[in-house]
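The chain contents come next:
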2 protein chains.
Amino acid sequence: MRSSWAIGDVDLYLEPGPVRGRRVGLERALRAAVVDGRLAPGTRLPSSRTLAVDLAMARNTVAEAYAQLVAEGYLTAHRGAGTVVAERPADPVPVPVYARASTPRFDLRPGRPDLSAFPRARWAAAQRRALAAAGSDAFWPAADPRGRIELRERLAEYLGRARGVRTRADRIVVCAGYTQALAVLGHALAARGARRIALEDPGLPFLREIVARTGLGVDSLAVDEHGARIGGDADAIVLTPANQSPLGLTLHPDRRAAALRWAAETGGVVIEDDYDGEFRYDRHPVGALQGLGADHVVYAGSASKMLSPGLRLGWLALPPHLLDDVLAVLKRPELAVGTLEQLTLAEFMAAGDLDRHVRRSRRVYRDRRDRLVAALAREVPRLRVRGVAAGLQILLELPPDGPDEEEAVAYLARRGVAVHRLGWYRHDRSDDRAPGLVVGYAAPSGHAFAGTLDALVTGLAELYGGTSPSGGWGRAYLGGAAPEAGPPAAPTRQGDQTRP
Amino acid sequence: MRSSWAIGDVDLYLEPGPVRGRRVGLERALRAAVVDGRLAPGTRLPSSRTLAVDLAMARNTVAEAYAQLVAEGYLTAHRGAGTVVAERPADPVPVPVYARASTPRFDLRPGRPDLSAFPRARWAAAQRRALAAAGSDAFWPAADPRGRIELRERLAEYLGRARGVRTRADRIVVCAGYTQALAVLGHALAARGARRIALEDPGLPFLREIVARTGLGVDSLAVDEHGARIGGDADAIVLTPANQSPLGLTLHPDRRAAALRWAAETGGVVIEDDYDGEFRYDRHPVGALQGLGADHVVYAGSASKMLSPGLRLGWLALPPHLLDDVLAVLKRPELAVGTLEQLTLAEFMAAGDLDRHVRRSRRVYRDRRDRLVAALAREVPRLRVRGVAAGLQILLELPPDGPDEEEAVAYLARRGVAVHRLGWYRHDRSDDRAPGLVVGYAAPSGHAFAGTLDALVTGLAELYGGTSPSGGWGRAYLGGAAPEAGPPAAPTRQGDQTRP
């Protein structure tokens, strides 16, 4: 078989692709020529007989290749007119499904702040001030792999004041969100000989994947009514002490002490994932565990819940003995974080806009939580609300005799209501666990919340009884379409991901 | 030895650290307590004798630990007053040297655009428009792992018009700069079974490191007067066709054809690193190689040279058959790129501000290059300027009988002039190569350029003869201090890095 030929004055090559074979090679060559534009729309191709002779191929092979490309939209076969390059070549790449995913009508996915409340004007003003004040070096990646000093100084002040973190600007590093920060920590710990990191179970599955991608083993910390059970022989443990994700527990004081003791005795590292510690509604936020053991605990925070996960800004407050290893990783140019957003957040904080926005959000979320809890107690008394008055979500315990998690999620989804099922967060799937739904109440915009709450409560009342006109979950449930199988979509950038 | 004890009401733990031993354990415990603030400044410690008894340690061990911490600044020993926690504990973490690095007085480091010319007002206006126009989803990471469609549509139009790239918005992905894009490509190619990627030698060393971190082998493509020699059995080759970095050659047409033929025949991937293709001064920019083979060539570009490397915005135009593998990598949450900067650049481009800024920069850089070349020809005729009239840098060939690269760089550095030596870009160090200096002329601000040019030319005239009062490099050089050893600092975020 010849490896190249010409159509008109256009040279074509037969390429051995991932899949070999004459027909595939011919198809790829023609596809490439059409996509490149080397074969212009309207160009008439030689007959399959002619090309077969030309290429010393079986005529069938050529005819099959033509047919395939006609089917894919690269070519058109006009009766009598032969085979012609199509006018508008169809995209040979299927648009991935996650690009098509749309926001649910009633969005109660956990971990999503009210993005409609993002302080646009104040953010724009902060960036304008940052641009006006900055030297030319602001347009070069931060000289210090820790990130811009302007932001780190603000963070040191804020974290000490708002979260009881004991740190200083030179022990803080800025990352592209908590997810990158966790990956950086994984690489840094691996570089100093760490083998395994333990994460809470239940917890966010994609955090386990991030750790695994750093080459470290991933262990589990079981969670009971006091929070994570401390122990195991991992080199580091990741905790959510202020508000266990997704169970909504505050780590018991004994467990906090146990974590510090474990670190002190084993030389292990505690990673404190303080993803929404600012949002506590029944008391002052519980101070960061890091404040009790700044030499053992890595404090991790981000702008994702306070402001927007689209900013990709997170930070670590590091124990001195970890700093050099983390900086060695952060010096990798492919991990550089944009400087303008860092300087903008610094200006935003300096103006008091962050405190203002968090205070306002806390009021809004507290009110939403109260309304949600009250409505559920009134309309669906069989469902128990678990978790402390904090954060952006509640855990709903499902009765053992009602529809299970998957059925409930699917039933609500058909009514446009999006929630997560607790099982999705479980690594250990052994089934003696209480089923539950994780319901985020922060995502809807202010004007949409009432309707969203109503849609949820109505759907749950139909499933789990209560005072709904349908008269109890049984009838309503049996009346509904067959429940869709399977868990909610795995987390993706646009939505289900609780903490991107 | 007991593992815990108390000072006042403060519990302390003796920790087995990376280094074991009683003294070290005690030091770390006290250091941690001081750094944590558990032991407040002014707190008086028990005498070494008392603590030694308390811990069943030799008194000397305790005394040595105290002495060490006094030396480190954690404790102070007042005559008579015993050992007290120091008022202002010194930072136990040495400030890394790259954080101290400062901008050289005469900055001629290659690859740096004139950051003082960053269009601050227009950028701020673009972000204000973007914030006003965006829906709430702008504050969530892009739904599509490719990045925001608004930017990808602008890029498709711009790249087709300005660089002859044949692509569409759905084949473009946005990354955090070229460095992240290269890492993403490495992971994607590795996932489809690739083993090795070949990069040009000479080239930027840290690009080899980025590829190596993805687990792929790194091969070299030798570069001759026609550009990179195409061949080898790597699965992908990275080329700088428009302007070889750092030699300043345009890839010869035969080599361009050879690269496409290599890809077509082997199924290999060509990665076109078009880092400064917009800047050509003697003719229209050479169109992207990708335009000739959009099914084999990954086009890579970024905002780093056109606008600012601090933005961390780069992009790939992908062949259809690579798209799914690249998107699978880009779905990793730790790689998410901030949305606001994407939308801001889209607005900036929509307003024609990018074209305007590139046109203006092209005029400025062309003028600077002309002045530099003329001054060198006049003052240091022994030095040959290599490379096409393009980009942000020139290559200066050094005479074999004069001071070598290291001597020249060190000599200029002592006069505040920062340039790179060619050898730093070489992977194959075999020594039969022409020595050279790589001189970037874009970095200085407009008002600083004349003085910077003068400092360079004067220093070079002293080194390599010409009309300088010192009368030739010999005397001047021997008169100077001994040349500092070693290459310029390895690339870091703040400076030496040619393309972060």
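These numbers were taken from a predicted model, which means no experiment stands behind them. (Residues numbered from 1 in each chain as written. Chains lettered and ligands numbered in written order. Predicted model: local features only at pLDDT ≥ 70, side-chain atom pairs only at ≥ 80, totals over all residues. Heavy atoms only, no water.)

Draft legend 1. Spatial organisation of the overall build of chain A. When helices and strands are counted, chain A shows 15 helices and 18 strands. Counting all 500 residues of chain A, 60% fall into the buried class. Long-range pairs, those at least 24 residues apart, make up 70% of the contacts in chain A with a sequence separation of at least 6. As displayed, chain A has an accessible area near 18400 Å², and 51% of this comes from carbon and sulfur atoms. (Helix = DSSP H or I, 4+ residues; strand = E, 2+ residues; numbered from the N terminus. Buried < 20%, exposed > 50% of the residue type's maximum accessible area, 1.4 Å probe, protein only. Contact = heavy atoms within 4.5 Å. Areas by Shrake-Rupley, 256 points an atom, 1.4 Å probe, with all protein chains shown as cover.)

Draft legend 2. Just helix α12 (residues 353-379) of chain A, in detail. When the terminal C-alpha atoms of α12 of chain A are compared, their 39 Å separation across 27 residues agrees well with the 39 Å that a helix rising 1.5 Å per residue should span. Buried within α12 of chain A are the following residues: Asp353, Leu354, His357, Val358, Ser361, Tyr365, Arg368, Arg369, Leu372, Ala375 and Leu376 of chain A. (Expected span 1.5 Å × (residues − 1).)

Draft legend 3. Inspection of the packing of helix α7 (residues 177-191) of chain B against helix α10 (residues 320-330) of chain B at higher detail. All names here are of chain B. In contact at an axis separation of 8 Å, α7 and α10 are set at 115 degrees when each is read in the N-to-C sense. Both α7 and α10 take part in a crossing whose hand is right-handed. Contacts from Val184, Leu185, His187, Ala188 and Leu189 in α7 reach Leu322, Asp325, Val326, Val329 and Leu330 in α10. Looking at the contact of α7 with α10 residue by residue, the class counts come to eight nonpolar, one polar and one charged. (Axes fitted to C-alpha atoms, helices over the stretch in contact; angles between N-to-C directions. Left-handed = near helix turned anticlockwise from the far one by under 90°. Nonpolar A, V, L, I, M, F, W, Y, C, P; charged D, E, K, R; others polar.)

Draft legend 4. Local environment of the sheet that holds strand β14 (residues 384-386) of chain B. Residue and element names in this part refer to chain B. Judged by pairing direction, the sheet is antiparallel, and its four strands sit side by side in the order β14-β15-β18-β17 without closing on themselves. Since the sheet does not close on itself, it has two edges, and those belong to β14 and β17 (420-421), each with one partner. Across five bridges, strand β15 (residues 393-397) lies against strand β18 (residues 436-440) in antiparallel orientation. Each bridged residue has a counterpart across the sheet, and for Leu396 the counterpart in β18 is Leu437. Of the strands in this sheet, β14, β15 and β18 touch helix α12 (residues 353-379), which is tilted by about 15 degrees from β15. Helix α13 (residues 405-414) rests against β17 and β18 of the sheet, and its axis sits at about 40 degrees to β18. (Pairing = 2+ DSSP bridges.)

Draft legend 5. Region of interest: the domain arrangement of chain A. On domain assignment, one finds that chain A holds domain 1 (4-85), domain 2 (106-111 + 356-497) and domain 3 (118-351). The distance between the C-alpha centroids of domain 1 of chain A and domain 3 of chain A comes to 55 Å. (Domains from an automatic or database assignment.)

Draft legend 6. Looking closely at the side chain of Asp219 of chain A. Residues and elements named next belong to chain A. As for its placement among the helices and strands, Asp219 is situated in strand β8 (residues 217-224). Only 2.6 Å separates the side chain of Asp219 from the side chain of Arg196, close enough to count as a polar contact. Among residues more than four places away in sequence, those in contact with Asp219 are Arg196, Ile197, Ala198, Leu199, Arg208, Asp233 and Ala234. (Polar contact = N/O pair within 3.5 Å; in protein donor to acceptor, adjacent residues only side chain to side chain.)

Draft legend 7. Molecular detail of the packing of helix α13 (residues 405-414) of chain A against helix α14 (residues 446-464) of chain A. All names here are of chain A. It is the contact of α13 with α14, at a shortest axis distance of 10 Å, that shows an interaxial angle of 135 degrees. Looking at the two axes, α13 sits oblique to α14. Seen along the crossing, α13 lies across α14 with a hand that is right-handed. On α14, the residues touching Ala408, Tyr411 and Leu412 of α13 are Leu456, Gly459, Leu460, Glu462, Leu463 and Tyr464. When its residues are assigned to classes, the contact of α13 with α14 shows seven nonpolar, one polar and one charged. (Parallel < 35°, antiparallel > 145°, perpendicular 65-115°, else oblique.)

Draft legend 8. Focus on unusual backbone geometry. Look at the link from Ser245 of chain A to Pro246 of chain A: it is a cis peptide, with omega at 10 degrees. In this fold, Pro246 of chain A is placed in the loop between β10 (236-239) and α9 (253-266). Its identity is not glycine, yet Arg312 of chain B carries a phi of approximately 55 degrees, on the positive side. If you trace the backbone, Arg312 of chain B turns up in the loop between β12 (297-302) and β13 (314-317).

Draft legend 9. Broad picture of the environment of Val298 of chain A. Residues and elements named next belong to chain A. Of note, Val298 is situated in strand β12 (residues 297-302). A relative accessible area of 0% places Val298 in the buried class. Residues Val298 and Ala242, 56 residues apart in the sequence, show an inter-C-alpha distance of 14 Å.

Draft legend 10. Region of the structure containing a positive patch on the surface. The grouping of Arg359, Arg360, Arg363 and Arg366 of chain B at the surface amounts to a positive patch. Inspection of the secondary structure assignment puts Arg360 of chain B in helix α12. (Patch = residues over 30% accessible without salt bridge, like charges linked within 9 Å, V, L, I, M, F, W, Y side chains within 5 Å. Salt bridge = Lys/Arg side-chain N within 4 Å of Asp/Glu carboxyl O. Lys, Arg positive; Asp, Glu negative; His and termini not counted. Charge placed at Lys NZ, Arg CZ, Asp CG, Glu CD.)

Draft legend 11. Fine view of the pairing of strand β6 (residues 172-175) of chain B. Residues and elements named next belong to chain B. With burial as the criterion, each face of β6 is covered, one bearing Ile172 and Val174 and the other bearing Val173 and Cys175. Where β6 and β13 come together, four bridges link them in antiparallel fashion. Counterpart to Val174 in the pairing with β13 is Trp315.

Draft legend 12. Seen up close, the pattern of salt bridges. Residue and element names in this part refer to chain A. Summed over the entire model, instances satisfying the criterion amount to 56 salt bridges over all chains. With a closest N to O distance of 3.1 Å, Arg229 and Asp224 form a salt bridge. The network of salt bridges with common partners includes Asp107, Arg109 and Arg112.

Draft legend 13. Broad picture of the pairing of strand β3 (residues 75-78) of chain B. Residues and elements named next belong to chain B. Where β3 meets strand β4 (residues 82-85), four bridges bridge the pair, whose relative direction is antiparallel. Its bridge partner lying in β4, Leu75 is registered against Val85. The antiparallel pairing of β3 with β4 creates a hairpin that spans three residues between the two strands, and Gly80 there sits at a positive phi of about 85 degrees.

Draft legend 14. Focus on the sheet that holds strand β10 (residues 236-239) of chain B. Residue and element names in this part refer to chain B. If you walk across this open sheet you meet the eight strands as β6-β13-β12-β11-β10-β7-β8-β9, and the pairing is mixed. The sheet is open, and its two edges are formed by β6 and β9 (227-228), each paired on a single side. Where strand β7 (residues 196-201) meets strand β8 (residues 217-224), six bridges bridge the pair, whose relative direction is parallel. From the neighbouring strand, Ala198 faces β8, where its bridge partner is Asp219. Across the face of the sheet, helix α9 (residues 253-266) comes into contact with β8, β9, β10, β11 (269-273) and β12 while running at roughly 140 degrees to β11.

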